[in-house]
Amino acid sequence: MSSYYPRTKDLTRTRRSLTESPPSSPSPTEKNYRHDRVSRFDSIGESATDKSLGRTSSYTRREARLAALNKQEQDSTAKDYKKMYAEALHENAKLKSRLQESKQELAKIRSQLEKVTQRHDTISERSSALESEKREKQTLEKRVSDMEEELKVLTELKSDNQRLKDENGALIRVISKLSK
């Protein structure tokens, strides 16, 4: 019995180190250790019932160990799923904020485009108004120049008319003197 306890302590230490470390393929020394343990059970010379009881207990220990490993894997996968979910939520939040920023930028650009379009419309309206004003101004200037020419002609005609009146008056005086 006393030889059984130290061996159990060694096995529990080995089990703890196996369960604490991540699952991986067994190293060659672990394979040899397992092989030696199996061969020791065979070479000890135990009876068939002892072997079956020993194997049953080793099977239960193995099952318990596998169950613990499976539970750890499930916990780690659950944690991984939680981590992945948290990462997905974080990524979604980032994308939503980028989408909001993009929408705001789009709205800003649209308003700027609308302002530019209004300016362009205003400028085109102004340019068409300016163009019509230019045409109006040109027609008015032409009318003014035509009127100035007419005014010159009228003043010339007035002066000619005055001269003719003066000549007419002089001729009437001469005729009246000659007729007396």
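Every chain begins its residue count from 1, and numbering advances along the sequence as written. Where totals are concerned, whole chains, interfaces and linings use all residues; where local detail is concerned, this predicted model gives features only for residues with pLDDT of at least 70, and gives and counts side-chain atom pairs only at 80 or more. The side-chain figures draw on all heavy atoms in the structure; neither hydrogens nor water molecules are used.

The name given to the protein in an unreviewed UniProt entry is Protein phosphatase 1 regulatory subunit 12B-like, and the organism recorded there is Neolamprologus brichardi.

Undergrad: Would you explain the overall build of the protein in this entry?
TA: Segments assigned H or I by DSSP are reported as helices when at least four residues long, segments assigned E as strands when at least two residues long, and all are numbered from the N terminus. Of the regular secondary structure elements, the protein holds three helices and zero strands. Going from N to C terminus, the protein has its helices and strands arranged as α-α-α. Whether a residue is buried, partly exposed or exposed follows from its accessible area with a 1.4 Å probe, protein chains only, as a fraction of its type maximum: under 20%, in between, or over 50%, in that order. For the protein, buried positions account for 1% of its 180 residues. Only the protein chains shown count as cover for residues, with accessible areas throughout obtained via the Shrake-Rupley method and a probe of 1.4 Å. Looking at the protein as shown, the accessible area adds up to about 16,400 Å², and 56% of this sits on carbon and sulfur atoms.

Undergrad: Would you mind showing me how to read a negative patch on the surface here?
TA: Patch criteria: residues need more than 30% relative accessible area and no salt bridge. Like-charged residues are merged within 9 Å; nonpolar side chains of Val, Leu, Ile, Met, Phe, Trp and Tyr are merged within 5 Å. Salt bridges are counted wherever a side-chain nitrogen of Lys or Arg sits within 4 Å of a carboxyl oxygen of Asp or Glu. For the purpose of counting charges, residues Lys and Arg are taken to be positive, whereas Asp and Glu are taken to be negative. His and the chain ends are not included. The location of each charge is read from NZ of Lys, CZ of Arg, CG of Asp or CD of Glu. A contiguous patch of negative charge on the surface is contributed by Asp146, Glu148, Glu149 and Glu150. With respect to the secondary-structure elements, aspartate 146 resides in helix H3 (residues 48-179).

Undergrad: Sorry, what's going on with the pattern of salt bridges here?
TA: When charged atoms on two side chains of opposite charge get close, those side chains can pair. Enumeration according to the criterion identifies three salt bridges in this entry. One salt-bridge network, held together by shared partners, links Asp160, Arg163 and Glu167.

Undergrad: What am I meant to see in a nonpolar patch on the surface here?
TA: Together, Leu151, Val153, Leu154 and Leu157 line one region of the surface with nonpolar side chains, adding up to about 380 Å² of accessible area. Looking at where leucine 157 falls in the secondary structure, it is placed in helix H3.

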